Each structure stands twice: as C-alpha cells, then as structure tokens.
Amino acid sequence: MAESAHDAPSVLTPRLTIVCPLCQQALDRAPKTWTCPNRHSFDVAREGYINLLPVQQKASKDPGDSAESLAARRAFLNAGHYQPLRSAVLAMLKPLRAETLLDIGCGEGWYTSAFPDIASDIIGLDIAKPAVRMAAKAYAPIACPEITWIVGSGAALPVEEASLDVITCLFTQLHVDEMHRALRVGGHVLVVTPAPDHLWSLRAGLFDDVQPHAPDKFIASFGERFDRVDRVDVRAELALTGDQLRALLAMTPYVWKAKPERRAALERRAALATNAAFSLLLFRKRLGDG
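Residues numbered from 1 in each chain as written. Predicted model: local features only at pLDDT ≥ 70, side-chain atom pairs only at ≥ 80, totals over all residues. Heavy atoms only, no water.

**Q** Mind showing me how you'd approach the overall build of the protein here?
**A** Of the regular secondary structure elements, the protein holds eight helices and eleven strands. Based on the C-alpha atoms only, the size of the protein along its principal axes is roughly 55 × 50 × 35 Å. Here the protein has roughly 13600 Å² of accessible surface; of this, 51% comes from carbon and sulfur atoms. Side chains of the protein give 33 positive and 33 negative charges; the mean places of these two sets differ by 3 Å. (Helix = DSSP H or I, 4+ residues; strand = E, 2+ residues; numbered from the N terminus. Areas by Shrake-Rupley, 256 points an atom, 1.4 Å probe, with all protein chains shown as cover. Lys, Arg positive; Asp, Glu negative; His and termini not counted. Charge placed at Lys NZ, Arg CZ, Asp CG, Glu CD.)

And the structure:
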C-alpha cells in the first residue's frame, strides 16, 4: 500500500511561511494538522493537500473548475500537446534562480509538477478543491516534497508579505495588488495567456464571429509598480484525434459560450488540425517599491 500523506513528512525545512487565512498569523506545519498562535487549525487531507479557503472567500459552494473539466485537462496535458509551452515556461523562469515560487490556478498540477527543476520551495494553489486533490494525489508530498498543495484564493494569498521570488499565473485571473504584496522587491510575475489566434480553427467551429485574443490588455493592469522585462510567444501545431478534440473542448471555457449544437458537431469530428498559440509575459516588481 502506498504511504499516505499523514505518514509522509511535511516539506523539509520550509523557507516559505504560510499564514492562517483567518488571522494572517504564521502556521506551524505539522504532518497532520497546521495550527496558528490563535489556535485556528487545518487538517492535512489524506492526499496531502491543505484547505485554506474559508467560506467567506468563496463566491459559490464549489468554486473553480468542474471534475469533468479537470479530468479532460489531465488527459490532454498528459498527452504532451502543450509540452512546448511548459518547456518555454521553464526556460523563462530558470535564469531567475528562484527559491520560493507560487503557482496561482495550478489546476490538476501538470505545470506545477515541473517547477522543482527551477525552484526549491513551491506552492500550487487553486480555488477548486477537486483540482488540488487531483494534483496532490498525483504528485504526493513523499514524491514531490518541494511542492505544497493548497486550496486557496488568488485574491488572498496565504503567504507573508514580500516572501515570494516568483508567482506564475497560467490562464488564470490576475490579482495584481495581492501579487504585489506577496512578492519581494525585484520578484517576478509570469503571466501566460492565449495569443491572438490561439485555437482559431476550433473557435471557428464554435462561433460565427471569432475575435482575436488580446494578450497585451494585461500589461496595463501592472501599472507603474512593475516593469515588463521579457515576452515570448510560443506556437504548437495540433493534429487531434476525436478523443483528443473532445478532451480539449471539455477543458476550455469556449464551449460554455457556444451553442450546444455547435459543440456537438465538433465532438462528432474524427480529427481536427489547429494551432495552439501562447504569450508569456514576465514582469518584475520595481526596485524600491516595497
């Protein structure tokens, strides 16, 4: 029988202090229960993750991606279709020599699981409990001790002020003020977003009027407190079988805006060729801007 998370050790000598979501005091990370000085306690789940999402931070009963979407995402990503993107992310982050990294919107963990190659103390955080459970089960603490899996909100990161070297945001909502608070001076934010023609032929099958994505719209939100220091565009040709196409449709947000008959028509196709296109935008918290 596999060793459970309750039997596994916590992250070895963690440098990154995780704080209580109720009082913002430092949590003592014991193997089975995390507690703060005000006696708030949080049990470590059997799979090895911790739930630090209080009810007042939820906009719905079960926020985040559905189990169906997460299962489709895992199948699609594990097949390697977006490997060029993951490789580009690692290549952009490796020169930063980060020790502490937080991945906001980690989902089922495929991207986060590669980050031990470029950082030594990592948090994978998502507001969807099924996503974090899936990630922790696949990349358990005993196998990936560098990663701590947390159910939490990107709008209220459970970390101390100025404690992070890098924050990654891959296809997720940006909370710039909160990221600014959590980053040390000179720390970096990596935003990954669809490039203008991302999945164009797939979207053309769903909508009569296909609008280009606008990755540059995110730049203004970082204002004068960050400098944009790098940008890389990544493309990958996708030749999808019917099963792969259905997995991609199930994991994308496009289908919820499309007419059901348009989605059904695509799902009946035996194959589809399309382009995946991404923009990687790297920002640095300005020196002297604490």
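**Q** Just to check I follow, could you spell out the pairing of strand β6 (residues 121-126) for this structure?
**A** Regular strands place side chains that alternate from one sheet face to the opposite one. The buried count for β6 comes to six of six residues, which makes it a mostly enclosed element. Here β6 shows a buried face lined by Asp121, Ile123 and Leu125 and a second buried face lined by Ile122, Gly124 and Asp126. Here strand β5 (residues 100-104) pairs with β6 via five bridges, running parallel. Within β6, the position partnered with Ile104 by the bridge is Leu125. Of the strand pairs in this sheet, β6 and strand β7 (residues 147-151) are connected by five bridges, and their pairing is parallel. Bridged to Gly124 within β7 is Trp149. (Buried < 20%, exposed > 50% of the residue type's maximum accessible area, 1.4 Å probe, protein only. Pairing = 2+ DSSP bridges.)

**Q** Would you mind going over unusual backbone geometry with me for this structure?
**A** Leaving glycine out, the prevailing phi sign among residues is negative, and the prevailing peptide bond configuration is trans. Located in the positive-phi region is Ala162, a residue other than glycine, with phi close to 55°. Turning to its location among the elements, Ala162 is positioned in the loop between β7 and β8 (164-170). Residue Ala162 is classed as partly exposed on the basis of its relative accessible area, which comes to 41%.

**Q** Before we go on, may I ask you to explain the packing of aromatic side chains in this structure?
**A** In total, this model carries seven aromatic pairs according to the counting rule given. Arranged with centres 5.2 Å apart and planes meeting at 90°, the rings of Phe222 and Phe226 form a pair that is edge-to-face. Accessibility classification places Phe222 together with Phe226 in one group, the buried group. Relative to Phe283, the ring of Phe222 lies with its centre 3.9 Å away and its plane at 10°, an arrangement referred to as stacked. With Phe222 in the loop between α6 (217-221) and β10 (226-241) and Phe283 in strand β11 (residues 271-285), this residue pair connects regions lying 61 residues apart in the sequence. Since its relative accessible area comes to 1%, Phe222 is described here as buried. The structure contains a cluster of three or more aromatic residues connected by ring pairs, namely Phe76, Tyr82, Phe171 and Phe278. Residue placement shows Arg263 over the ring face of Trp256; its charged tip is 5.4 Å from the ring centre. (Phe/Tyr/Trp six-rings, centres within 6.5 Å; stacked < 30°, edge-to-face > 60°. Lys NZ or Arg CZ within 6 Å of the ring centre and 35° of its normal.)

**Q** Looking at this model, I keep getting lost on the confidence of the model for the protein. Mind explaining?
**A** When pLDDT drops low, the exact placement of atoms in the prediction is not to be read closely. Summary statistics for the protein give a mean pLDDT of 91 and a share of 91% for residues scoring 70 or more. With pLDDT under 50 throughout, residues 1-13 is counted as low confidence; its partners more than four residues away or in other chains account for 22 contacts. (pLDDT = per-residue confidence, 0-100. Contact = heavy atoms within 4.5 Å.)

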